[in-house]
Amino acid sequence: IFTQVELAPADPILGLTDAFKADTRTEKVNLGVGIYKDESGSTPILKSVKLAEQKLLATENSKSYLGIEGVQAYNRVVQELLFGADHSVVKNKRALTAQAPGGTGSLRVAAEFLVRNTESKTIWVSNPTWANHQNIFKSASLGIEQYRYYNAQTHDKDFDAMLADLSQAKAGDLVLLHGCCHNPTGIDLNESEWQAIADLCLKQALVPLFDFAYQGFGVGVNEDAQGLRIVADTVPELLIANSFSKNFGLYNERIGAVTLVADSETTVAKAFSQVKSTIRGNYSNPPAHGALIVSTILADEGLSSLWESELKEMRERIAKMRTLFVETLKAEGVTQDFSFISRQNGMFSFSGLTKEQVAELKELHAVYIVGSGRISVAGMTRTNMPVICKAIAKVLS
Ligand code: LMR
């Protein structure tokens, strides 16, 4: 029976890493997947994480099952990071959170919960968006519509087009919003644009679903939650899928959360019982380690401030790489204006390189970037920068 199964296409992001690993050239660079590298080109375990793990090793006394929703203390700190401890959503107990495996697992739980229990059967995603969004939502049987977001001529957002497209959405439709550091464009909404989106969702009874995977990689932990908090102040119901892969460097611990916000404590409790039922039918209950690391760090003032300083260091290094990237391209004789790259947020830069140029970078120069032209700036270092920029200058000439 398995002979009938067709070969799946390689994943646009993780498939690239497989191809990169198989490449035998020595000067190869992987700027595909969004993984932070330090100046030496490695992905370190944060010091705050190591210290929390030492604490856990000394104190953990059981590997018994967690509840379906995971570590309770973790779920509380997730809400504090998302909304701020004093936000009315937290104070009025209008939100409930379940730990889930990474951003992808959280989005999948949210999508499946919605399809099984609500009238929401269609999700609007930005064009472009993270390559895995369509895959996740299709797997959960959601219909997908796209709203325009990016203007390739100006290398900036097209907010009027976004509003125009979303004004076509019907009551109950879901709107996928990137909390900050939009993946892949690195272009975020400003305060008044967030308010306009929140007002539109309220007016048309649309349900926002936030993908919040880069909190702290834009401007700061609280600053990056501005959009989410504006929307949570405006609409009665929303969902958030967040991830700590990047901001705690916990990629392989698969640690994220799905948070449901409703108009009252009673409604959220009832609806959340179905989120738990969705989880039980998928993986029963989550693994503990990642959640224990995050909650241990955030419960300890010293570890929290160490984590915030490590996060700041990552954010600032990426910002420096953006500037250096633009400067080095110029120094390599590239006349095209790439200054927009230093205005983008987060790990990625949406370069505007074509599919053909991306293929040439990989085939002739062993520089791997995603087919959409998305480059992981977080993978750039002072050492690999000349190699990258020389290669780009060649494919542009
Ligand atoms: C990315 O966009 O590169 C990351 O979110 C990793 C992934 O799973 O695709």
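Residues numbered from 1 in each chain as written. Predicted model: local features only at pLDDT ≥ 70, side-chain atom pairs only at ≥ 80, totals over all residues.

Side note on the pairing of strand 4 (residues 143–148)
Then comes step 1: In the sheet, strand 3 (residues 122–127) pairs with strand 4 via six bridges, with the strands oriented parallel. Bridge pairing in strand 4 places W124 opposite E145.
Then comes step 2: Taken together, strand 3, helix 6 (residues 133–139) and strand 4 constitute a β-α-β crossover, and its handedness is right-handed. (Pairing = 2+ DSSP bridges. Helix = DSSP H or I, 4+ residues; strand = E, 2+ residues; numbered from the N terminus. Right-handed = clockwise from strand over helix to strand, strands pointing away.)

Re the environment of P101
Then comes step 1: Along the polypeptide, P101 turns up in the loop between strand 2 (95–100) and helix 5 (102–117).
Then comes step 2: Looking at P101, the number of C-beta atoms within 10 Å reads 22, which means it is buried.
Then comes step 3: If we ignore the near neighbours within four places in the chain, the residues touching P101 are R254, G256 and P286. (Buried ≥ 20, exposed ≤ 12 C-beta atoms within 10 Å, placed from the backbone. Contact = placed C-beta atoms within 7 Å.)

A word on helix 8 (residues 191–204)
Then comes step 1: An ideal rise of 1.5 Å per residue puts 20 Å on 14 residues; helix 8 measures up with 20 Å between its terminal C-alpha atoms.
Then comes step 2: Those residues of helix 8 that fall on the buried side of the exposure criterion are I197, A198 and C201. The arc that holds every buried residue of helix 8, seen down its axis, measures 100°, which confines them to one face. Away from its buried face by more than 90 degrees, helix 8 exposes S192 and K203.
Then comes step 3: Next to the buried residues of helix 8 lie strand 7 (174–178), strand 8 (207–212) and helix 9 (226–234).
Then comes step 4: Positive phi appears at A205, one or two residues downstream of helix 8, with a value of about 55°. (Expected span 1.5 Å × (residues − 1). Arc of directions from axis to C-beta.)

Points about the packing of helix 13 (residues 355–365) against helix 14 (residues 385–396)
Then comes step 1: Here helix 13 crosses helix 14 at 125°, and the two axes come no closer than 10 Å. Judged on the interaxial angle alone, helix 14 and helix 13 are oblique. The handedness of the crossing between helix 13 and helix 14 is right-handed. Judged by residue contacts, Q357, E360, L361 and H365 of helix 13 engage A391, I392, K394 and V395 from helix 14.
Then comes step 2: A class-by-class count of the residues in the contact of helix 13 with helix 14 yields four nonpolar, two polar and two charged. (Axes fitted to C-alpha atoms, helices over the stretch in contact; angles between N-to-C directions. Parallel < 35°, antiparallel > 145°, perpendicular 65-115°, else oblique. Left-handed = near helix turned anticlockwise from the far one by under 90°. Nonpolar A, V, L, I, M, F, W, Y, C, P; charged D, E, K, R; others polar.)

Digging into the nonpolar core
Then comes step 1: Ranked by size, the top nonpolar core spans 115 residues in total, and within it A110, V175, L209, V258, L260 and V294 carry the most contacts.
Then comes step 2: Sorting elements by how many residues they give to this core places helix 12 (residues 301–331) first, with nine residues.
Then comes step 3: Aside from chain neighbours lying at most four places away, what touches L209 is A110, I123, L174, V175, L176, L239 and A241. (Core = buried A, V, L, I, M, F, W, Y, C linked by C-beta atoms within 7 Å.)

Topic: the domain arrangement of the protein chain
Then comes step 1: According to the domain assignment, the protein chain consists of domain 1 (10–45 + 308–396) and domain 2 (65–299).
Then comes step 2: Between domain 1 and domain 2, the contact holds 22 residues from the first and 21 residues from the second.
Then comes step 3: Broken down by class, the residue content of the side of domain 1 that touches domain 2 amounts to 11 nonpolar, eight polar and three charged. (Domains from an automatic or database assignment.)

Description of the site of the ligand
Then comes step 1: Contacts to the ligand come from I13, V33, G34, W130, N132 and N183.
Then comes step 2: Tallied by class, residues from the shell around the ligand come to three nonpolar, three polar and no charged.
Then comes step 3: When we break the shell around the ligand down by domain, the ones giving at least three residues each are domain 1 (10–45 + 308–396) and domain 2 (65–299). (Near = placed C-beta within 6 Å.)

Some thoughts on the packing of helix 11 (residues 289–298) against helix 12
Then comes step 1: Running from N to C, helix 11 and helix 12 cross one another at 105°; their axes reach a closest spacing of 6 Å. For the element pair helix 11 / helix 12, the angle class is roughly perpendicular. For the pair helix 11 and helix 12, contact is made by T296, I297 and L298 and by L303, S304 and W307, respectively.
Then comes step 2: Residues of the contact of helix 11 with helix 12, tallied by class, amount to four nonpolar, two polar and no charged.

Here's the deal with the confidence of the model for the protein chain
Then comes step 1: Scored by pLDDT, the protein chain has a mean of 97; 100% of the residues are at 70 or more.
Then comes step 2: Interface scoring of the predicted complex returns ipTM 0.95; its pTM is 0.97. (pLDDT = per-residue confidence, 0-100.)

Examining the UniProt feature "domain: Aminotransferase class I/classII large" (unreviewed entry) in the protein chain
Then comes step 1: According to UniProt, the feature "domain: Aminotransferase class I/classII large" (unreviewed entry) maps to residues 27–392 in the numbering used here.
Then comes step 2: Taken as a whole, residues 27–392 contains 44% helix and 15% strand, while its terminal C-alpha atoms sit 15 Å from one another. (UniProt positions renumbered as here; feature names shortened; annotations may be inferred.)

Considerations on the sheet that holds strand 8
Strand-to-strand pairing in sheets goes through backbone hydrogen bonds, with the strands running parallel or antiparallel.
Then comes step 1: Ordered in space as 2-10-9-8-7-3-4, the seven strands form an open sheet in which the pairing is mixed. One side of each edge strand has no neighbouring strand; the edge strands of this open sheet are strand 2 and strand 4. Put simply, the sheet's adjacent strands are angled 25° from each other on average, direction ignored.
Then comes step 2: With four bridges connecting them, strand 8 and strand 9 (residues 238–243) associate as parallel partners. Of the residues in strand 9, the one forming a bridge with L209 is L239.
Then comes step 3: Packed onto the sheet, helix 3 (residues 72–83) meets strand 2, strand 9 and strand 10 (256–261) and runs at close to 115° relative to strand 2.

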